[in-house]
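Fold and contact review
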Amino acid sequence: MQISKYFKPEALMFAAFLATLPIYSPNQLLFETELLQRAAYMPVFANTLLGASVVLGVAVAIVSARGRLAVILRGGVVLVASVAYVAGYALFALAAGLESFAQPIFGVTAGLLLAVSTVVLSVAWGAYLAQFNLRQALLWLAVMVGVAALVELLLSSVTFAVGLIVFAVLVPLSCLVPCWLAWRGRLIAVREAGEAESRSAPTLGAMAQLRQIAQVVAMPFVGLMVFAFMMGARKFVLFDVVHMEVLGCVLGAVVVLPICLMRTRVPLMPLIFLNCFPASSGPMWFAAWMSYVFYGAVAILALAGLVAAAHASEFSSGLIFGTAVAGFSGCSLLGVIAAQTALFQIEGGGPALLVVSTLYFVYLLASALLAPWKRDRGDIVLEEGADAAKAAPARHVAARCEELAHACGLTPREGEILGYLGRGHGIAFVADALVISESTVRTHVKSIYKKLGVNSREELVSKVGEE
């Protein structure tokens, strides 16, 4: 597979957006020293930013679920959001540099401006990134997350004046691509082209779509939410110099890069046993900072999964990324609140976060163990049809499926599904491979059966095997 086939250099500007995304707290390390002294400003700003992002993210998801995403992706809307993004950060920088601007009213204003612009720009970037399939998204997101984390490390190590100049360049750069494409109408065109094949599926309500999307991207979404909670609940500084949430993303990108070239579905499994050593011991300390590397990798895998779901066009980018922004902001806010409780004051919150991490690890293990059982239960393939598919050479099956797809007038997505069915794979496998729900696969399968004039999987496999 040519993972670089659809890559364009302009996509690298997404790294600038990741390096300035306000709902991700490490992006504010540049302003941390100055704003820690602004007790009347920072809590108001953070609560407004995260709270408003939750509300607006949910609102955008609902609007998108009702088929109104085009309203959000209009050039004028994205342009206004870009201006709000720059204005919000301008107020934030003024509060860090001038005490007269560190007032609650300016904190609320900056938080609202950044919340609105973050939601709109996240959806716009999501619509652009939806051109990548899973492996392409995994490669380029690993690169862009790694670059963004390196920029964050740079900004946290330079003087405020130098860092502010770099940040002032990154903020407009992060808006440039979505603003330009939306103004030319290309984001809407990409969305409409991607959704053309999904119109045969029955229209679902907002809640039904959310339940269905949970089946498709549950694992990456949960990983992203745990990552947000961990980042909000605790700050871990290595040798009192390097913030591990930033370094963890750099090393996480290094871990993920080889995965895009591997043919495996096994999730990353952490070294849980290291957490069993006594507190303040070497292994326990190593596990503490290694967990940030693990969650950095999880965040990249989660973003790639969300992009792949948008690429499949079963759900709109507004529904996917609006929900993601709302969930990430909400879990970050929960982490900030949890950090103030007595439970998280014990040993810097380490034991409490260990419980959270352990529960997530158990979830990963359970999902990995149940996946084969679920696939076997859902993939009821007749033995004769499966044997016929295995007996035929893979190249012959692919060529025959392509020939049938062209002769019978199948859509590109139906042709893709036919390729899996022709090799003996079932509904659950196809859904996992294409990052779509099983109900959508069944809808396509019914259409394929009708166009090919078959009534069962056995007949379909036999037809594929015919000369």
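Scroll up a little and you will see the structure.
My aim in this report is to walk through the structure given alongside it, one point at a time. (Residues numbered from 1 in each chain as written. Predicted model: local features only at pLDDT ≥ 70, side-chain atom pairs only at ≥ 80, totals over all residues. Heavy atoms only, no water.)

**Structural notes on the overall build of the chain**
- Scanning the chain from N- to C-terminus turns up 20 helices and two strands.
- Classification of the 467 residues of the chain by burial places 50% in the buried group.
- For the chain, the share of sequence-separated contacts (at least 6 apart) that also reach a separation of at least 24 residues comes to 83%. (Helix = DSSP H or I, 4+ residues; strand = E, 2+ residues; numbered from the N terminus. Buried < 20%, exposed > 50% of the residue type's maximum accessible area, 1.4 Å probe, protein only. Contact = heavy atoms within 4.5 Å.)

**Some points on the pattern of salt bridges**
- Within this structure, the stated rule accounts for two salt bridges.
- Notably, a salt bridge pairs Glu416 with Arg413, separated by 3.2 Å at the nearest N-O pair. Residue Glu416 and its partner Arg413 are located together in helix α17 (residues 412–422), separated by three residues, close to a single helical turn.
- Classification of Glu416 by relative accessible area gives partly exposed; the value is 36%.
- For Lys451, the salt bridge is made with Glu414, and the minimal N-O distance between the two is 2.9 Å. Of this pair, Lys451 sits in helix α19 (residues 438–452) while Glu414 sits in helix α17, placing them 37 residues apart in sequence.
- Owing to a relative accessible area of 33%, Lys451 belongs among the partly exposed residues under this scheme. (Salt bridge = Lys/Arg side-chain N within 4 Å of Asp/Glu carboxyl O.)

**A word on the packing of helix α3 (residues 42–65) against helix α6 (residues 104–129)**
- Two numbers describe how α3 lies on α6: the axes approach to 8 Å, and their chain directions differ by 35°. Classified by chirality, the crossing of α6 by α3 is right-handed. Two secondary-structure elements touch here, α3 through Val44, Phe45, Thr48, Leu49, Ala52, Ser53, Leu56, Gly57 and Val60 and α6 through Pro104, Gly107, Val108, Ala110, Gly111, Leu112, Leu114, Ala115, Val116, Val119 and Val123.
- When the residues that make up the contact of α3 with α6 are grouped by side-chain class, the tally is 15 nonpolar, five polar and no charged. (Axes fitted to C-alpha atoms, helices over the stretch in contact; angles between N-to-C directions. Left-handed = near helix turned anticlockwise from the far one by under 90°. Nonpolar A, V, L, I, M, F, W, Y, C, P; charged D, E, K, R; others polar.)

**Quick look at the side chain of Ser329**
- With respect to the helices, strands and loops of the structure, Ser329 is situated in helix α13 (residues 317–339).
- Once residues within four sequence positions are removed from consideration, Ser329 is found in contact with Ile23, Leu50, Ser53 and Val54.

**Remarks on the packing of aromatic side chains**
- Counted according to the given criterion, the structure contains 19 aromatic pairs.
- Aromatic pair Trp125 and Tyr128: ring centres 5.8 Å apart, planes at 80°, arrangement edge-to-face. Separated by three residues within a single helix, Trp125 and Tyr128 lie in helix α6, roughly one turn from each other. Considered together, Trp125 and Tyr128 belong to a single accessibility category, that of buried residues.
- Joined through ring pairs, the aromatic side chains of Phe14, Phe17, Phe31, Tyr41, Phe45, Tyr85, Tyr89, Phe92, Trp125, Tyr128, Phe160 and Phe167 make up one cluster. (Phe/Tyr/Trp six-rings, centres within 6.5 Å; stacked < 30°, edge-to-face > 60°.)

**A word on a nonpolar patch on the surface**
- Nonpolar side chains collect at one region of the surface, where Ile165, Val169, Leu173 and Leu176 lie side by side and expose about 350 Å² of accessible area between them.
- With respect to the element layout, Val169 can be found in helix α8 (residues 160–183).
- Take Val169: its relative accessible area is 47%, and that puts it in the partly exposed class. (Patch = residues over 30% accessible without salt bridge, like charges linked within 9 Å, V, L, I, M, F, W, Y side chains within 5 Å. Areas by Shrake-Rupley, 256 points an atom, 1.4 Å probe, with all protein chains shown as cover.)

**Looking at the environment of Ala405**
- By secondary structure assignment, the location of Ala405 is in helix α16 (residues 394–407).
- For the pair formed by Ala405 and Lys451, sequence separation is 46 residues and the distance between their alpha carbons is 9.1 Å.
- Not counting residues within four places of it along the chain, the set of residues in contact with Ala405 comprises Leu410, Gly415 and Leu418.

**Some words on the environment of Met13**
- Note that Met13 resides in the segment before α1 (14–20).
- It is 8.1 Å that separates the C-alpha atoms of Met13 and Leu176, two residues lying 163 residues apart in sequence.

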